[in-house]
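Survey of secondary and tertiary structure
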Amino acid sequence: MFDKVNSKVVKVDVGQAGGVVARSGAMLFYTGQVAFAPHQIPGAGQGMGGGGLMRMAGQMMAGEHERTMLAQGHGVVHYGFAGLEVHVVQMQPGAVLRAEASRLLAQSAGLQASVVSVASSGGGGGGGGGGLMGALRGAAAGVATGTGMFTTQLSGQGSAVLLAHGGFLELPVGGPNPIVVDPQAFVAAYGNVQTELKSAMSWRDAVGRGAGEAMQLHCHGQGVVYVQASEEKL
């Protein structure tokens, strides 16, 4: 569906794909008859009623969503963004892809997309527990690590394109020990992967003599974790 032109650009036949959703500003050029319209992932950019905590959660959920455009018609569109490396993930039935919106370049319009709390992602959710308070604990961890409170979840048949600084590492998950990742290097998890954010702080960190890796993302289950060769945020 998406074909890599080089390490930083993909192309897609919009008609064959049944439409493409991509982040705003990612379209480089196209040929054919293609129309573009604003698009919004369900659950993104919507406020929450209730008290201050609910409103804060709604604002953070809105912040997860990057502005996107829906391309439809008959033609070929080339996508890229900020000179970042791209990687195409072919979705399989029953599998789930979770990534921060800033890590997504484009996806098939037919994929089911939603914005979910980090505290519930993959059933492990960063170790914050369920519900609003769990989500807010996840938000606090997100502030500490530079990752977001909410993540974009994709499922169904189709494909998605990820973005990363400095290239991708594809790490299989499924052994007896978890894959432990720096949260700022984490790009996405695919399959049935649970994530748990753990503190690695010790008294040495408190007095400024630690290694500096205060938070670690433990990934276990079955699937793949994508890591970028950099700790730079997108």
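Notes on the structure follow. None of the values given here were measured: they were computed from a predicted structure.

Moving on to the overall build of the chain. The secondary structure content of the chain amounts to four helices and 15 strands. Buried residues in the chain amount to 47% of all 234 residues. A separation of at least 24 residues holds for 84% of the contacts in the chain among residues at least 6 apart in sequence. Accessible area of the chain: about 10900 Å², with a carbon and sulfur share of 53%.

Let us look at the environment of Tyr 190. With respect to the element layout, Tyr 190 can be found in strand β14 (residues 186-199). Along the backbone, Tyr 190 and Arg 98 are 92 residues apart, and their C-alpha atoms lie at a distance of 6.6 Å. The residues contacting Tyr 190, other than those within four sequence positions of it, are Val 89, Gln 90, Met 91, Gln 92, Ala 95, Val 96, Leu 97, Gln 222, Gly 223, Val 224 and Tyr 226. Looking at Tyr 190, its side chain comes within polar contact range of the main-chain nitrogen of Gln 92, at 3.0 Å.

Further remarks concern the pairing of strand β5 (residues 68-79). Pairing analysis gives four bridges linking strand β2 (residues 9-13) to β5, with the strands arranged antiparallel. The residue bridging Val 10 from the neighbouring strand is Tyr 79, located in β5. Two strands pair when backbone bridges link them, and strand β3 (residues 20-23) and β5 are joined in this way by four bridges, in the antiparallel orientation. Across the sheet, Val 21 pairs through a bridge with Leu 70, a residue of β5. In this sheet, β5 lies alongside strand β4 (residues 27-39) in antiparallel orientation, the contact comprising 12 bridges. Bridged to Val 34 within β5 is Gly 73.

Here the focus is the packing of aromatic side chains. Applying the stated criterion across every chain, the model contains one aromatic pair. In this structure, Arg 23 packs its charged tip against the face of Phe 81, placed 3.9 Å from the ring centre.

About the cut-offs
- Throughout this description, residue numbers start from 1 for each chain and increase along the sequence as written.
- With pLDDT at 70 or above as the cut-off, local features in this predicted model cover only qualifying residues; side-chain atom pairs require 80 or more to be listed or tallied, and sums for whole chains, interfaces and linings still use all residues.
- Note that the side-chain values use all heavy atoms of the structure and ignore hydrogens as well as water.
- Only DSSP runs of H or I with at least four residues qualify as helices, and only runs of E with at least two residues qualify as strands; both kinds are numbered from the N terminus onward.
- The cut-offs for exposure are 20% and 50% of the maximum accessible area for each residue type, with area from a 1.4 Å probe on protein chains only; residues under the lower value are buried, those over the upper are exposed, and the others partly exposed.
- Any pair of residues with heavy atoms lying within 4.5 Å of one another is described as a contacting pair.
- Where accessible areas are quoted, they stem from the Shrake-Rupley method and a 1.4 Å probe; at the residue level, only the protein chains shown are allowed to cover.
- What qualifies as a polar contact is a pair of N or O atoms within 3.5 Å, subject to a donor-acceptor requirement within protein and to the restriction that residues adjacent in sequence count only when both atoms come from side chains.
- Any two strands with at least two DSSP bridges between them are considered paired.
- Two aromatic rings, drawn from Phe, Tyr or Trp (for Trp, its six-membered ring), form a pair once their centres lie within 6.5 Å of each other, and the interplanar angle then sorts them: stacked below 30 degrees, edge-to-face above 60, tilted otherwise.
- In this scheme, the term charge over a ring applies when either NZ of a lysine or CZ of an arginine sits within 6 Å of the ring centre and within 35 degrees of the ring normal.

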